Every structure is written in structure tokens, then in C-alpha cells.
Number of protein chains: 2
Amino acid sequence: MLILQTVDELKGWVQEAKRAGHTIGLVPTMGFLHEGHLSLVEKAKAENDKVVMSIFVNPAQFGPNEDFDRYPRNLERDQQLAKGAGTDVIFAPGVEEMYPRESQIKISAGAQAEVLCGAKRPGHFDGVLKVVTKLFHLAEADLAYFGQKDAQQLAIIESLVADFNFPMAIRRGETVREEDGLAKSSRNVYLSSAERNEAPHLKKALEMGRALVLQGQDPIEPMTQYLSEHTSGKVDYIELLDYPTLTAVIQNDAILALAVQFEKARLIDNIIFQPKGELDHA
Amino acid sequence: MLILQTVDELKGWVQEAKRAGHTIGLVPTMGFLHEGHLSLVEKAKAENDKVVMSIFVNPAQFGPNEDFDRYPRNLERDQQLAKGAGTDVIFAPGVEEMYPRESQIKISAGAQAEVLCGAKRPGHFDGVLKVVTKLFHLAEADLAYFGQKDAQQLAIIESLVADFNFPMAIRRGETVREEDGLAKSSRNVYLSSAERNEAPHLKKALEMGRALVLQGQDPIEPMTQYLSEHTSGKVDYIELLDYPTLTAVIQNDAILALAVQFEKARLIDNIIFQPKGELDHA
């Protein structure tokens, strides 16, 4: 497995790979890998000749009061895990390498960023679009892989690719969970042991909410109540929207999504489902 | 020469060309071709295996009171000229083909769009960025060609490519002029015969302005005076800026640029030069 730290090294490798006729799957990450990331590598491995994983904690997607500085990092461990999953190239640039000068041009998310995390983290998805556009171009990826745990990010990146005809496609990876239901996340490491015990209630709240939606009831109040009773965290949002448009009127799938702020970690989770139940579509 | 009208046809052709190991030069145009466009095709022909010319009058870059509807179009004549210059593929999509749905994501020009035409045509360069991003992706161009007559557009597109690491480079084509100095433009056809006789004074005003700059004098007032005496047009702007940053403090090249509104045609022109004279740099 190669570890590349500069744009020029990556471009050189990509040109070689393209000349050899290889397809390239890209798995963009911020490192501190967990099984969610590794499941994306496995998908990429199955669908492409070569797999590039980027590891870059992207300052552009963190707000001034967010956890950029203390976002967990462990490149050595990440290398072992990425290699074990079959990654061919890790691209792990420094901030100066990715952003050598202030950008003149800006890419902005639209209405899809005005709900859920986007409403709480102004500019976050613009920062995501900035870095993924650069990575898609640098890796000349045929396919890029994103987990459904960050469902809003996934939807917005799908819009980017469709709106601007990127010569590539996005692949969705299902959320990977701990045995007790907690969605895998790099930020789980910041949960206290008491919080860690409460955290599976996020998924339970989502399941309860889905059941209510399927019965035609509003899930928001009961879920808020449930989470306040079963966790010490503060509910940041609970929303029921169309997926992937993220509009209020559900015409495709439904997404039920939440964010809960614990003392040192803000966790997000969601489930995507047919709002009228599976039977209606059978 | 192939004439393709759909995104899928173009993508199919591009995949074939890439598989065959061909490099692709892209010449984006709005049609109604003149020798300026054809000189770009010749440059592209010399530097790439295949040359794609897009012909698309892009509604996204016209303001509500601008000349989108009456922008000159003549696809049959364009085809003859493009073929004669060695174009391999014309991509001439309809508006629905390029913009099948409203975009979620927006690309915006920055400070470079706050001067010159950008100050007079709000949103114009955002519309340019939208269409060129799509075209760059669709054609998977190795090189794309733009004329220096639209110097602000060229500078902003160079920023786009650099800021987002597009896997391609921009090539600049010099402004092609009539024998009397008038810059070739699709819009020249809308000049009355009296205006056509006055129009070479735009270039003369620029030359006078350059001479003043090289003498350390401010060129704006004398140029404004000159144009009001020698043409019936209304000066929209005359500006002296750094190129390509388009900032007020000249640290690279200088651009002296103007726009003059005639009855039915708004003409632009510019010259780019070393602000301290050629000798200082010898």
C-alpha cells in the first residue's frame, strides 16, 4: 500500500493507473477509521481495480467553535486498518497541500443544507463540497463511496455530481453499527462510559419513531421525550424529511434523523425507510 | 466531423476516445463563430489528439434584461467553419439537455467578479462557471481553450481550475482582430454601419491608455474623453487592474479593459501588458 502526501504524487499515481486502464474507487475519510469506513473500502475493492482512501481532517467543514483541533487522529493505526481492508493508496495531505491559497471560487450547497446538521452547522456542507470536489478531481475517481450515516452529506454530494456532470458516480454504504445498535463513528471515542451506555437509545428512538410514522403519527415529540428520559445528552434536532431531496413533503423515501449533543461528542444517526411501510410497495 | 446533441452521446464518444488513449482539447463557444474561435480550434488541434467544440448559448450567463433571445445563432454556418478548422466533434445541446433540473449546488465567482463586466452583469460569471464546469466534466478535457478578449472570464476560469484541482489545464488564445483593430466578436454583427466605423477607436483608446500608463499617468479620464469624442457609444467602464488577480494593486501584468454600449451591441476589449514597460523586464 502506498502512502502519498502531496497532490503531485497522487496525480502521478493516478496518471499511471489511468494509462494502465485501471478504474479507481475513492473512499474519502477524515481518518480514525472504524468498520463503517472499512466496509466502504470493501465495496470499492469489489467494484474497482484500485482503491484510493483519502485521510484528511478538513478544516473547511468545521465551524469556529467545533472540534477541528481535537478531532481524533491516528494515522499509524489508520494505515494498518486501511491496508488490511485492501486499500491500494492512502492520500494523506497536510492542510497547506490541500489549500495552498485562499480560494477565489466558492461551491455552495442549496436548500438541502438548510435542514438537519446544515441548519446547525452553517458552512459545514460548503466545506464538504470544497474538499470532495478537489478529491474527486485529484483521484479522477470512477466511483466514490460515502456512508449513509452522514445521509445529508451523501444527498448533497449526489446533487453535486448530478448538477455538474462529474464523470463518476456515488455509491452509498449502509450504516455500520455496534452490536447494541450504536452507529460507528470516529467521535464515539469521546463518549464517557455512562454516555456510551446511553448511546444505543439513539437507534432505539429512531426505531420507535419509524413505527409511529408507519402508524401515521408524528414521531418528533415522543422521540424527544424518549431521548430525554434515556440519555443525558441534549437533543440538537429530530427531523422527518423526504430522502434524498430533504424537503418536508415526503414523495420518495423518508429519512428520520437526529443529533444529540453529549458532553464532548455530538452524535448523529438516521434511518431511511418507505414512509408507508414495505407492504405498500410489495 | 460528428455533431452530438445529447449528454449521453458525448459521454459515449468521450469514453471511446479515452479508451483509445486520445487526449481531448475543448473549445467552449456560444456559436456564431469568428476567427477568434477558429484560432482556438487550431491551437487545440496542435496540442490534442481530438478537438471538441461546444456550441451552447448559455442562458445561465445572461441577465434578465440581456440579449439571450437575440444572441446571434447560425448552427449550419458554424458547422462549416468548425469542420474547416479541424474540429472532430461539435457538442450542441439544447437548454433542457444541459439543465434538465434546477441545480441544488451553486458555484460562485469571488472578488474577481466584482470588477469590469462582473460589476455590470450580476451573476454572469456564476453562469459561466456553471456551464464550463459541466462542459469540462462532460468532455473530460485535458486542455480547454478560451480567448483573451474575455479576459475576466479567462481569469475566473483559471481560478476555478486551480481552486478545485480540475485534472486539466486552461490555454489562453490571443484576441483576434479585424484589420482595423476591432476585436472579433459575435456581437459585432449588431453594429450599425456608422457604429462599425467608430468601433476601431476602442482599440485605439486602449493603446492610448497603455502609453499613458507607461508614462505613469492615469489613463481613465483621457480614454473616456477620447471615446466620447470618437464614438456614439456610451462608456460602460474603463478599468486598469492587475492581471489575472483583477485587484487594484498591479503586481503581475496590467489589464486595461473597457466596455462600450452601442445601440444594439455592447462591445468589450482589453489589452494586457507589463505596466512598467517591456524594458524593465528585459
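Residues numbered from 1 in each chain as written. Chains lettered and ligands numbered in written order. Predicted model: local features only at pLDDT ≥ 70, side-chain atom pairs only at ≥ 80, totals over all residues. Heavy atoms only, no water.

1. Here we look at the overall build of chain A
Moving on, step 1. Summing up its helical and strand segments, chain A has 10 helices and 10 strands in all.
Moving on, step 2. Relative to a compact globule of 282 residues, whose C-alpha radius of gyration would be 19 Å, chain A shows 19 Å and is just as compact.
Moving on, step 3. Relative to its full complement of 282 residues, chain A shows a buried share of 56%.
Moving on, step 4. Of all intrachain contacts in chain A linking residues separated by at least 6 positions in sequence, the fraction that spans at least 24 positions is 70%.
Moving on, step 5. Here chain A has roughly 12600 Å² of accessible surface; of this, 47% comes from carbon and sulfur atoms.
Moving on, step 6. Between the mean site of the 30 positive side-chain charges and the mean site of the 41 negative ones, chain A shows a separation of 2 Å. (Helix = DSSP H or I, 4+ residues; strand = E, 2+ residues; numbered from the N terminus. Rg over C-alpha atoms; globule rule 2.2 N^0.38 Å. Buried < 20%, exposed > 50% of the residue type's maximum accessible area, 1.4 Å probe, protein only. Contact = heavy atoms within 4.5 Å. Areas by Shrake-Rupley, 256 points an atom, 1.4 Å probe, with all protein chains shown as cover. Lys, Arg positive; Asp, Glu negative; His and termini not counted. Charge placed at Lys NZ, Arg CZ, Asp CG, Glu CD.)

2. As for the relation of the copies chain B and chain A
Moving on, step 1. Superposition of chain B onto chain A requires a rotation of 180° combined with a translation of 0.0 Å along the rotation axis, giving an RMSD of 0.0 Å. The superposition operator between the copies reduces to a two-fold rotation axis. Of every C-alpha in chain B, the one belonging to Ile107(B) sits nearest the axis of rotation, 2.2 Å from it. (Least-squares fit on C-alpha atoms with pLDDT ≥ 70 in both.)

3. Quick notes on a negative patch on the surface
Residue and element names in this part refer to chain A.
Moving on, step 1. On the surface, Asp-8, Glu-9, Glu-96 and Glu-97 cluster together to form a negatively charged patch.
Moving on, step 2. For the negative patch, the elements supplying multiple residues, two or more each, are α1 (7–19) and α4 (95–98).
Moving on, step 3. A relative accessible area of 31% means that Glu-97 is categorised as partly exposed. (Patch = residues over 30% accessible without salt bridge, like charges linked within 9 Å, V, L, I, M, F, W, Y side chains within 5 Å. Salt bridge = Lys/Arg side-chain N within 4 Å of Asp/Glu carboxyl O.)

4. Things to note about the interface of chain B and chain A
By a widespread convention, an interface's size corresponds to the accessible area lost as its parts come together.
Moving on, step 1. Taken residue by residue, the interface counts 29 residues in chain B and 29 residues in chain A.
Moving on, step 2. There are two salt bridges connecting chain B and chain A.
Moving on, step 3. Asp163(B) is the partner of Arg101(A) in a salt bridge, and the nearest nitrogen-oxygen pair spans 2.9 Å.
Moving on, step 4. Linking chain B to chain A there are 17 residue pairs in polar contact (both at pLDDT 80 or more). (Polar contact = N/O pair within 3.5 Å; in protein donor to acceptor, adjacent residues only side chain to side chain.)

5. Let's talk about the domain arrangement of chain A
Residue and element names in this part refer to chain A.
Moving on, step 1. When the domains of chain A are assigned, the result is domain 1 (2–173) and domain 2 (186–271).
Moving on, step 2. Taking only C-alpha atoms into account, the centre of domain 1 sits 25 Å from that of domain 2.
Moving on, step 3. In this complex, domain 1 contributes 24 residues to the contact, which on the side of domain 2 involves 18 residues.
Moving on, step 4. Carbon and sulfur atoms supply 55% of the area that domain 1 and domain 2 bury against each other, a total of about 1900 Å² over both sides.
Moving on, step 5. Along the contact surface separating domain 1 from domain 2 lie two salt bridges.
Moving on, step 6. Its salt-bridge partner being Arg-187, residue Asp-67 comes within 2.9 Å of it at the nearest N-O pair.
Moving on, step 7. In this assembly, domain 1 and domain 2 are joined by 13 residue pairs in polar contact (both at pLDDT 80 or more).
Moving on, step 8. The set of elements that each furnish at least two residues to the side of domain 1 that touches domain 2 consists of α5 (116–120) and α7 (151–163).
Moving on, step 9. Top element by residues in the side of domain 1 that touches domain 2 is α7. It accounts for five residues. (Domains from an automatic or database assignment. Buried area = accessible area lost by both parts, 1.4 Å probe.)

6. Some thoughts on helix α1 (residues 7–19) of chain B
Residue and element names in this part refer to chain B.
Moving on, step 1. A rise of 1.5 Å per residue sets the reference length of α1, with its 13 residues, at 18 Å; its end C-alpha atoms lie 18 Å apart and thus fit the reference within 8%.
Moving on, step 2. Taken together, the buried positions of α1 are occupied by Val-7, Leu-10, Trp-13, Val-14 and Ala-17. An end-on view of α1 places all buried positions within 130° of arc, on one side of the element. Those residues of α1 that are exposed and angled more than 90 degrees off the buried face are Asp-8 and Arg-19.
Moving on, step 3. Structurally, α1 contributes buried residues whose contacts are with β1 (2–4), β2 (24–29), β3 (50–55), β4 (89–91), α4 (95–98) and α6 (124–139).
Moving on, step 4. Just past α1, the residue Gly-21 takes up positive phi, approximately 80°. (Expected span 1.5 Å × (residues − 1). Arc of directions from axis to C-beta.)

7. Remarks on unusual backbone geometry
Among all residues except glycine, the phi angle is most often negative; among peptide bonds, the trans geometry is most common.
Moving on, step 1. Residue Pro244(A) is bonded to the preceding Tyr243(A) through a cis peptide linkage, with omega at 10°.
Moving on, step 2. Assignment of secondary structure puts Pro244(A) in the loop between β8 (234–243) and β9 (253–261).

8. Side note on the pairing of β3(B)
All names here are of chain B.
Moving on, step 1. With respect to burial, β3 is a largely interior element, five of its six residues being buried.
Moving on, step 2. Where β2 lies against β3, six bridges are found, and the strand directions are parallel. Bridging from a neighbouring strand, Leu-26 pairs with Val-52 of β3.
Moving on, step 3. Regarding the hand of the β-α-β motif, the stretch spanning β2, helix α2 (residues 35–47) and β3 is right-handed.
Moving on, step 4. Summarising the sheet, β3 and β4 pair through three bridges and their orientation is parallel. Pairing of Val-52 across the sheet is with Val-89, part of β4. (Pairing = 2+ DSSP bridges. Right-handed = clockwise from strand over helix to strand, strands pointing away.)

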